[in-house]
2 protein chains.
Amino acid sequence: MPPTTSHNAPDSVPTRRELNKAATRQAITDSALGLLRIQGPGNFTVEDIADAAGISRRTFFNYFASTEAALAAVTFGFLDTALRQFRLRPAGEPILESARAALVELADPMTVAPMAELYSLGKTNPQLSRSELEAWDHCTEQIIDAARERFAPATDTGAAAVVGVDELYLRALAGSIISCGKAALDVWFARCGGDLSPESLAALRQLLIDSMTLLGSGFAGTASPSTPFPDRH
Amino acid sequence: MPPTTSHNAPDSVPTRRELNKAATRQAITDSALGLLRIQGPGNFTVEDIADAAGISRRTFFNYFASTEAALAAVTFGFLDTALRQFRLRPAGEPILESARAALVELADPMTVAPMAELYSLGKTNPQLSRSELEAWDHCTEQIIDAARERFAPATDTGAAAVVGVDELYLRALAGSIISCGKAALDVWFARCGGDLSPESLAALRQLLIDSMTLLGSGFAGTASPSTPFPDRH
DNA sequence: GTGCATCTTTGCACTGTGAGCAAGTTTCTG
DNA sequence: CAGAAACTTGCTCACAGTGCAAAGATGCAC
């Protein structure tokens, strides 16, 4: 195998083909998002996207299986960023702490903006929501993998890794982390409606931290003991 | 409101029309599941289902929007059972305890069998998985509602209920509960492959309990401190 | 039971999706 | 430059999903 690549090589030799593909891919998602903005969800076809992106309908399907898949790529990007952050954390750190740190990193405008837009636009469209769910689920699986690697670091055989550490622990924890992250986003959207001002993002960050704290405390103390939610400003 | 009914009245006067509709609906899901068994996922069309159910293609779409939706009805039924159990729990009880109790109730053959079958058959098919995800998400929303009612019991205005108790707490908790339940199911399938024997179901019950315990403890103590998973002799 | 209102099924037509295939075009490699 | 490999595109086809209007079933009142 080529030395520098893990699964694709955008680093060392961004060959022409790869650049073209990346550009096309980008053009597609951009066009899709643009149409979503202008026409609203469900009011445009694959052909419209293809035209806007300057490619044929058939080529669109070489990249994505559906309009929703094209749009979900945005969410995937968002969650991949989160995962990258997570994997960067020191291995000794408690998982919840790593998750907290990774999530907080996300609350910056560049990362959150496309996600936020898609989220609010997709609120009304069931097709879109389904793709979003899929993206989150995919992310959960990857967190499970990442967490599993922490506990079974250098297992060459891989046999032990399959059910080595308590699989229930891994899956339950990873799922809960994602759920709490999603909960924080939901509440944020409900309160701030995708506003990207610094104060709003600070609120998001706080919500993410709070949700991880709740998880870490086992949801002790019933809801809203005294502070319904922290007063910001 | 009528005394015996919650949202539709199948109890008191099961009129002919309702019976017919219910029968048709059942025939559709049965046929769909049958075809899924025989032909495998993705290898049959809506027309096939309609033929098997003795109705027209058009009528199928009067009941379900897609093959997946018809199959997801099974999962919906499963999760509705869970929700019903949850709502039956005393209001004073801690939510996690209610969830644990409700989930354990599910681990009986009649309830779990169709779900288990669909789960294993759907493992390979992305379309199906998406519908399943949707069903779980729907269930999460309903748990949130149910939990919210507990904390804001007799609010006539309903205004406070919208963001009354800490919405983050509710959503994070409900999402985590569902995630943990799903994790338990995942592990169970991985270990027992949908086996419905009493021992297997006992294992499922234990996994559900364990996952709720993990959640309640805030996932304290890293994975598999000494007991990878409790030995059930 | 007759008649009427209402709900349900069905056939038909039409747009859009998604994939296979084979011929073109671009990029890579020696 | 020549051949291989990858990518694009147009064509075609089966199938999904929906609107519409006619036909059938059911419920209700008289």
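This is a predicted model, so every value here is computed, not measured.

How each quantity is defined
Residues numbered from 1 in each chain as written. Chains lettered and ligands numbered in written order. Predicted model: local features only at pLDDT ≥ 70, side-chain atom pairs only at ≥ 80, totals over all residues. Heavy atoms only, no water. Helix = DSSP H or I, 4+ residues; strand = E, 2+ residues; numbered from the N terminus. Buried < 20%, exposed > 50% of the residue type's maximum accessible area, 1.4 Å probe, protein only. Contact = heavy atoms within 4.5 Å. Near = heavy atom within 4 Å. Polar contact = N/O pair within 3.5 Å; in protein donor to acceptor, adjacent residues only side chain to side chain. Nonpolar A, V, L, I, M, F, W, Y, C, P; charged D, E, K, R; others polar. Axes fitted to C-alpha atoms, helices over the stretch in contact; angles between N-to-C directions. Parallel < 35°, antiparallel > 145°, perpendicular 65-115°, else oblique. Left-handed = near helix turned anticlockwise from the far one by under 90°. 1 Å grid on protein atoms, 1.4 Å probe; cavity = no way out; pocket = protein on both sides within 12 Å on 5 of 7 lines; lining within 4 Å. Points joined across faces, edges and corners; volume = space filled by probe spheres on them. Salt bridge = Lys/Arg side-chain N within 4 Å of Asp/Glu carboxyl O. Least-squares fit on C-alpha atoms with pLDDT ≥ 70 in both. Domains from an automatic or database assignment. Buried area = accessible area lost by both parts, 1.4 Å probe.

Helix and strand content of chain A: 10 helices and zero strands. Secondary structure of chain A in N-to-C order comes out as α-α-α-α-α-α-α-α-α-α. Counting only residues that meet the buried cut, chain A has 45% of its 233 residues in that class. Pairs at least 24 apart in sequence give 68% of the contacts found in chain A among residues at least 6 apart.

This part is about the protein's contact with DNA strand C. Lining the immediate environment of DNA strand C, one finds 20 residues, of which T15, R16 and R17 of chain A together with T59 and Y63 of chain B sit closest. Across the atoms of DNA strand C situated within 4 Å of the protein, the share located in sugar and phosphate is 59%. A65 of chain A has a polar backbone atom sitting 2.9 Å from a phosphate oxygen of DNA strand C. Within the side chain of Y63 of chain B, a nitrogen or oxygen atom sits 2.7 Å from a phosphate oxygen of DNA strand C. Of all the secondary structure elements, the ones that give two or more residues to the surface near DNA strand C are α1 (16-39) and α3 (57-63) of chain A together with α1 (16-39) and α3 (57-63) of chain B. Looking at the surface near DNA strand C element by element, the count peaks at four residues for α3 of chain B. Looking at side-chain class alone, the surface near DNA strand C contains five nonpolar, eight polar and seven charged residues.

Attention now moves to the packing of helix α5 (residues 95-106) of chain A against helix α10 (residues 198-216) of chain A. Residues and elements named next belong to chain A. Closest axis-to-axis distance for the α5/α10 pair is 9 Å, and the angle between their directions is 165°. The orientation of α5 with respect to α10, classified from their angle, is roughly antiparallel. For the element pair α5 and α10, the recorded crossing hand is right-handed. Contacts from L96, A99, R100, L103 and V104 in α5 reach R205, L208, I209, M212, L215 and G216 in α10. Its residues placed into classes, the contact of α5 with α10 shows eight nonpolar, one polar and two charged.

Moving on: empty space enclosed by the protein. Residue and element names in this part refer to chain A. A complete count under the given rule lists three cavities of 30 Å³ or more for this structure. Here the largest cavity defines a volume of roughly 180 Å³. Taken together, 20 residues form the lining of the largest cavity, with L79, A82, L103, L106 and I178 sitting closest to its centre. Residue assignment for the lining of the largest cavity shows that the elements contributing at least two residues are α4 (67-88), α5, α7 (126-151), α9 (167-192) and α10. Broken down by element, the residue count for the lining of the largest cavity peaks at five residues, all from α4.

Time to look at the pattern of salt bridges. Applying the stated rule across the entire model yields 20 salt bridges over all chains. Between R37 of chain A and E117 of chain A there is a salt bridge whose closest N-O contact spans 2.5 Å. Taken as a pair, R37 of chain A in helix α1 and E117 of chain A in helix α6 (residues 109-122) lie far apart in primary sequence, 80 residues in all. Note on R37 of chain A: relative accessible area 46%, which makes it partly exposed. Owing to a relative accessible area of 24%, E117 of chain A belongs among the partly exposed residues under this scheme. We note a salt bridge from R171 of chain A to D186 of chain B, for which the minimum N-O separation is 3.7 Å. Of this pair, R171 of chain A sits in helix α9 while D186 of chain B sits in helix α9 (residues 167-192), each in a different chain. Across the pair, exposure class does not vary: R171 of chain A and D186 of chain B are buried alike.

Turning next to the relation of the copies chain B and chain A. Superposing chain B onto chain A takes a rotation of 180° plus a shift of 0.0 Å along the axis, which leaves an RMSD of 0.1 Å. Expressed as an axis order, the relation between the two copies is that of a two-fold axis.

Attention now goes to the domain arrangement of chain A. Residue and element names in this part refer to chain A. The assigned domain composition of chain A is domain 1 (16-64) and domain 2 (67-216). Placing the centre of domain 1 and that of domain 2 at their C-alpha centroids yields a distance of 26 Å. Contact residues are listed per partner, giving 13 residues for domain 1 and 11 residues for domain 2. A combined buried area of about 1000 Å² lies between domain 1 and domain 2, and 80% of that area is made up of carbon and sulfur atoms.

With that out of the way, let us pick up the packing of α5 of chain A against α9 of chain A. All names here are of chain A. For the pair α5 and α9, the least separation of the axes is 11 Å and the interaxial angle reads 30°. Taken together, the axes of α5 and α9 are roughly parallel relative to one another. Between α5 and α9 lies a crossing of right-handed hand. Between α5 and α9, the residues in contact are I95, L96, A99 and L103 and L173, I177 and G181, respectively. Taken together, the residues of the contact of α5 with α9 break down into six nonpolar, one polar and no charged.

All right, on to the protein's contact with DNA strand D then. Within the structure, DNA strand D sits among 19 residues, and T59 of chain A together with T15, R16, R17 and R58 of chain B are positioned closest to it. Taken together, the sugar and phosphate atoms account for 59% of what DNA strand D places within 4 Å of the protein. The greatest single-element share of the surface near DNA strand D, amounting to four residues, is contributed by α3 of chain A. Residue composition of the surface near DNA strand D, by class: five nonpolar, seven polar and seven charged.

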